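If you want the building blocks of each chain, they are given just below.
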Amino acid sequence: MLVSEMNDRQLMAAIKASHEQALQMELWKRYENLVHKNWAVLRKQMDNSALILNMKDDYYSESFIAFRK
């Protein structure tokens, strides 16, 4: 089965079985857009405050770290 044909649950099982970096990155690509949308909502809710805008890199980094766990 091609990776693109796998659903998230199947992909997660394959990642656990093989620990392949490419499979993890495929799953991350699927969820990266969701992280981006949540950042946009947070930014708007905080009225584009300078403090929140300075946290963008941290937000994305922490999202990726949480995803990897």
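Owing to the predicted nature of the structure, the values given are computational and were not obtained by experimental measurement.

## Some details on the pattern of salt bridges
Stage number 1. Counted by the stated rule, this structure contains 3 salt bridges.
Stage number 2. Between glutamate 26 and lysine 29 there is a salt bridge; the shortest N-O distance is 3.8 Å. Note that glutamate 26 and lysine 29 are positioned in helix H2 (residues 21-45) at a spacing of 3 residues, about one turn of the helix.
Stage number 3. Of the residues examined, glutamate 26 reaches a relative accessible area of 21% and is grouped as partly exposed.
Stage number 4. Exposure remark for lysine 29: the relative accessible area of 55% places this residue in the exposed category.

## A look at the packing of H2 against helix H4 (residues 56-68)
Stage number 1. At their nearest, the axes of H2 and H4 sit 10 Å apart, and the two run at 140 degrees to each other. Put simply, H2 runs oblique to H4. As H2 runs across H4, the sense of the crossing is right-handed. Along the contact surface, H2 presents Gln21, Gln24, Met25, Leu27, Trp28, Tyr31, Val35, His36, Asn38, Trp39 and Leu42, while H4 presents Lys56, Tyr59, Tyr60, Ser63, Phe64, Phe67 and Arg68.

## Re the side chain of glutamine 24
Stage number 1. With respect to the helices, strands and loops of the structure, glutamine 24 is situated in helix H2.
Stage number 2. With sequence-adjacent residues up to four places away left out, glutamine 24 is seen in contact with Ile15, Phe67 and Arg68.

## As for the packing of helix H1 (residues 8-18) against H2
Stage number 1. Contact geometry for H1 and H2: axes closest at 9 Å, N-to-C directions at 150 degrees. The angle between the axes of H1 and H2 places the two elements in the roughly antiparallel class. Viewed along their axes, H1 and H2 form a crossing whose handedness is left-handed. Along the contact surface, H1 presents Asp8, Leu11, Met12, Ala14, Ile15 and Ser18, while H2 presents Leu23, Gln24, Glu26, Leu27, Arg30 and Tyr31.
Stage number 2. In the contact of H1 with H2, the residues fall into 7 nonpolar, 2 polar and 3 charged.

## Concerning the packing of aromatic side chains
Stage number 1. Per the counting criterion, the structure on display carries 6 aromatic pairs.
Stage number 2. Where tryptophan 28 meets phenylalanine 67, the ring centres are 5.1 Å apart and the plane angle is 55 degrees; that geometry is what we call tilted. In this pair, tryptophan 28 is assigned in helix H2 and phenylalanine 67 in helix H4, connecting sequence segments 39 residues apart.
Stage number 3. For phenylalanine 67, a relative accessible area of 24% puts it in the partly exposed group.

Rules of the game
Residues numbered from 1 in each chain as written. Predicted model: local features only at pLDDT ≥ 70, side-chain atom pairs only at ≥ 80, totals over all residues. Heavy atoms only, no water. Salt bridge = Lys/Arg side-chain N within 4 Å of Asp/Glu carboxyl O. Helix = DSSP H or I, 4+ residues; strand = E, 2+ residues; numbered from the N terminus. Buried < 20%, exposed > 50% of the residue type's maximum accessible area, 1.4 Å probe, protein only. Axes fitted to C-alpha atoms, helices over the stretch in contact; angles between N-to-C directions. Parallel < 35°, antiparallel > 145°, perpendicular 65-115°, else oblique. Left-handed = near helix turned anticlockwise from the far one by under 90°. Contact = heavy atoms within 4.5 Å. Nonpolar A, V, L, I, M, F, W, Y, C, P; charged D, E, K, R; others polar. Phe/Tyr/Trp six-rings, centres within 6.5 Å; stacked < 30°, edge-to-face > 60°.

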